[in-house]
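What follows is each chain in one-letter form.
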Amino acid sequence: MRTTATIYMLTGISIGTIMVTSSNSWMLAWLGLELNSFAILPLISKTKHPRSIEAATKYFLTQSTASCLILFASTINAWQTGTWTITQMPDKLPSTLMLIALTMKMGAAPMHLWLPEVMQGTTLLTSLLISTWQKIAPMVLIFTTSNHLPSNITLMMGLLSTYLGGWGGMNQTHLRKMMAFSSIANMGWTLMTLTSEPKVSMINIMTYMLLTTPTFILLAQTSTKTLQDMTTMWTTSPTSSITLTFLLLSMAGLPPLTGFMPKLLILNELISQNMTAISIATTMASLLSLIFYLRISYLTSLLNTPSSSTSTTKWRQNMNNLKMTQTAPTAVMSTTALPTLYP
């Protein structure tokens, strides 16, 4: 019964995203976003714990507020232009309101405070859905209206997201919160070139999803939730430990891994637009994220847990070949795709 309900919820999430990506009207896109938001609520609250109920409530309130702003902005635009078409948004007021609403749905600064709390209150696989699949629908709408969005506000929101994402993740000990702040920082990188070169932003968000998916799957398979659990991962599964280390370094943007490619393209685009100061500030913000990525990598691969009888060591997990086969293709693409993507 629980499996059937999960299938229904995942089907609703998929249908909602397909409705948004294939629609040309704000009303149909709004209905798809609502279906997407309501379908994931049972998945967030399925864990019998007060924290999951709190996370579902925060997610519902935030998404409802963003949906009201989307409906308000689209109504103003329809009143001014006489059409509900997504690509017709020439006025600054509805385009600014729409940018605020869509970034609130994705969890970009300064409307980002709900994302770490929601991801901390749910399971790792549901957190994977929130940080990847749930961003597709609002990102499609942002890319569709990118030529009408205010560039200065978009740049400021992107720069603020990179700094707040880096600062917020530095003092975290729970991996789900750390991955949430990583998502906020990556959304900042995506917003930096949204109005000038949307294709580069699309490459960045797709690369982030490619990196995040095997990371969450490995954390879920090894039941790793805190930094203390990372210190015992080498004793439970050395292969997962090495793979996770490379994935984290790729998310940090270190060459020659795949995560370096979109950051290089974004910095190149900013410099070509004569925004050298902003590109330098964005590069400095990436160092903040690099700190906690290196912190996790150090605990994962370079620090062995003490083997005394007083240490709390998890039992060795049976990481069979089937589980490793499931994560192998995405893990390889996440760490070695740079030569094929950026010659």
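Residues numbered from 1 in each chain as written. Predicted model: local features only at pLDDT ≥ 70, side-chain atom pairs only at ≥ 80, totals over all residues. Heavy atoms only, no water.

### Quick notes on the overall build of the protein chain
(1) Moving on: Looking only at helices and strands, the protein chain has 17 helices and zero strands in total.
(2) Moving on: If you take every contact in the protein chain between residues at least 6 apart in sequence, the share linking residues at least 24 apart comes to 76%.
(3) Moving on: Carbon and sulfur atoms make up 68% of the accessible area of the protein chain, which totals about 15,200 Å². (Helix = DSSP H or I, 4+ residues; strand = E, 2+ residues; numbered from the N terminus. Contact = heavy atoms within 4.5 Å. Areas by Shrake-Rupley, 256 points an atom, 1.4 Å probe, with all protein chains shown as cover.)

### A few points about the packing of helix α2 (residues 26-44) against helix α3 (residues 50-81)
(1) Moving on: Packing of α2 against α3 leaves a shortest axis separation of 10 Å and a crossing angle of 175°. When the axis of α2 is compared with that of α3, the two are roughly antiparallel. Residue-level inspection shows W26, M27, W30, L33, E34, S37, F38, I40, L41 and I44 of α2 in contact with α3, the latter providing S52, A55, A56, Y59, F60, Q63, S67, I70, L71, S74 and N77. (Axes fitted to C-alpha atoms, helices over the stretch in contact; angles between N-to-C directions. Parallel < 35°, antiparallel > 145°, perpendicular 65-115°, else oblique.)

### Quick word on helix α15 (residues 276-302)
(1) Moving on: The end-to-end C-alpha distance of α15 is 37 Å, a good match for the 39 Å that 27 residues give at a rise of 1.5 Å each.
(2) Moving on: Of all bends in α15, the biggest is about 25°, found at S289. (Expected span 1.5 Å × (residues − 1). Bend = angle between axes of the 7 residues up to and from the residue.)

### Regarding the pattern of salt bridges
(1) Moving on: Under the defined criterion, the tally for this structure stands at three salt bridges.
(2) Moving on: The partner of E54 in a salt bridge is K58, with the nearest N and O atoms 2.9 Å apart. Of this pair, E54 and K58 are both found in helix α3, four residues apart, which corresponds to roughly one turn of the helix.
(3) Moving on: Using a relative accessible area of 40% as the deciding quantity, one classes E54 as partly exposed.
(4) Moving on: As a salt-bridge pair, K177 and E117 come within 3.5 Å of each other at their nearest N and O atoms. Residue K177 is located in helix α9 (residues 175-192), and its partner E117 is located in helix α5 (residues 114-120); the two are separated by 60 residues in the primary sequence.
(5) Moving on: You can call E117 partly exposed: its relative accessible area is 28%.
(6) Moving on: The network of salt bridges with common partners includes E54, K58, E117 and K177. (Salt bridge = Lys/Arg side-chain N within 4 Å of Asp/Glu carboxyl O. Buried < 20%, exposed > 50% of the residue type's maximum accessible area, 1.4 Å probe, protein only.)

### Regarding the packing of aromatic side chains
(1) Moving on: Within the structure shown, the criterion is met by four aromatic pairs.
(2) Moving on: Taking 5.9 Å as the distance between ring centres and 50° as the angle between the ring planes, the aromatic pair formed by F38 and F60 counts as tilted. Remark: F60 occurs in helix α3 and F38 occurs in helix α2; sequence separation between them is 22 residues.
(3) Moving on: With a relative accessible area of 45%, F38 lands in the partly exposed category. (Phe/Tyr/Trp six-rings, centres within 6.5 Å; stacked < 30°, edge-to-face > 60°.)

### Side note on the UniProt feature "transmembrane region" (unreviewed entry) in the protein chain
(1) Moving on: The UniProt entry lists residues 56-76, 96-115, 149-166, 202-220, 232-254 and 274-294 under the feature "transmembrane region" (unreviewed entry), expressed in the numbering used here.
(2) Moving on: Along residues 56-76, the helical share is 100% and the strand share 0%, with 30 Å between the first and last C-alpha atoms.
(3) Moving on: Between the C-alpha atoms that bound residues 232-254 the distance is 25 Å, and the span itself is 83% helix and 0% strand. (UniProt positions renumbered as here; feature names shortened; annotations may be inferred.)

### Remarks on the packing of helix α13 (residues 238-252) against α15
(1) Moving on: The geometry of α13 relative to α15 is characterised by a closest axis approach of 9 Å and an angle of 170° between their N-to-C directions. Comparing the axis directions of α13 and α15 gives the class roughly antiparallel. Residue-level contacts link S241, T245, L248, L249, M251 and A252 of α13 to L290, Y293, L294, I296, S297, T300 and S301 of α15.
(2) Moving on: Its residues placed into classes, the contact of α13 with α15 shows eight nonpolar, five polar and no charged. (Nonpolar A, V, L, I, M, F, W, Y, C, P; charged D, E, K, R; others polar.)

### Quick notes on empty space enclosed by the protein
(1) Moving on: By the definition in use, this model includes five cavities of 30 Å³ or more.
(2) Moving on: As a volume, the largest cavity reaches approximately 150 Å³.
(3) Moving on: Forming the walls of the largest cavity are 16 residues, and the residues nearest its centre are S182, N186, M251, K263 and Y293.
(4) Moving on: If you list the elements that add at least two residues to the lining of the largest cavity, you get α9, α10 (198-221), α13, α14 (260-272) and α15.
(5) Moving on: Lining the second largest cavity are 13 residues; nearest its centre among them are Y59, Q63, K105, Q134 and P138.
(6) Moving on: Counting only elements with at least two residues in the lining of the second largest cavity, the list comes to α2, α3, α4 (92-106) and α7 (136-144).
(7) Moving on: Sorting elements by how many residues they give to the lining of the second largest cavity places α2 first, with three residues.
(8) Moving on: The residue makeup of the lining of the second largest cavity, split by class, is seven nonpolar, four polar and two charged. (1 Å grid on protein atoms, 1.4 Å probe; cavity = no way out; pocket = protein on both sides within 12 Å on 5 of 7 lines; lining within 4 Å. Points joined across faces, edges and corners; volume = space filled by probe spheres on them.)

### Section: unusual backbone geometry
(1) Moving on: Backbone torsion omega between A109 and P110 reads 0°, so that peptide bond is classified as cis.
(2) Moving on: Mapped onto the fold, P110 is located in the loop between α4 and α5.
(3) Moving on: Phi angles above zero are rare outside glycine, and S223 is one such case at about 55°.
(4) Moving on: The class of S223 is partly exposed, set by a relative accessible area of 40%.
(5) Moving on: Positive phi is not limited to glycine here, since N274 has a value of about 60°.

### Some thoughts on the nonpolar core
(1) Moving on: In this structure, I44, L141 and M230 are the most contacted members of the largest nonpolar core, which totals 71 residues.
(2) Moving on: Residue-level mapping places this core at the junction of two domains, with at least three residues from each of domain 1 (1-123) and domain 2 (150-338).
(3) Moving on: L155, M192, L265 and A281 belong to the second-largest nonpolar core, a separate cluster that totals eleven residues. (Core = buried A, V, L, I, M, F, W, Y, C linked by side-chain atoms within 4.5 Å. Domains from an automatic or database assignment.)

### Describing the environment of D91
(1) Moving on: Position of D91 relative to the elements: it lies in the loop between α3 and α4.
(2) Moving on: On the basis of relative accessibility, which here comes to 30%, the residue D91 falls in the partly exposed class.
(3) Moving on: Sequence spacing of D91 and Q80 is eleven residues, and the spatial spacing of their C-alpha atoms is 8.2 Å.

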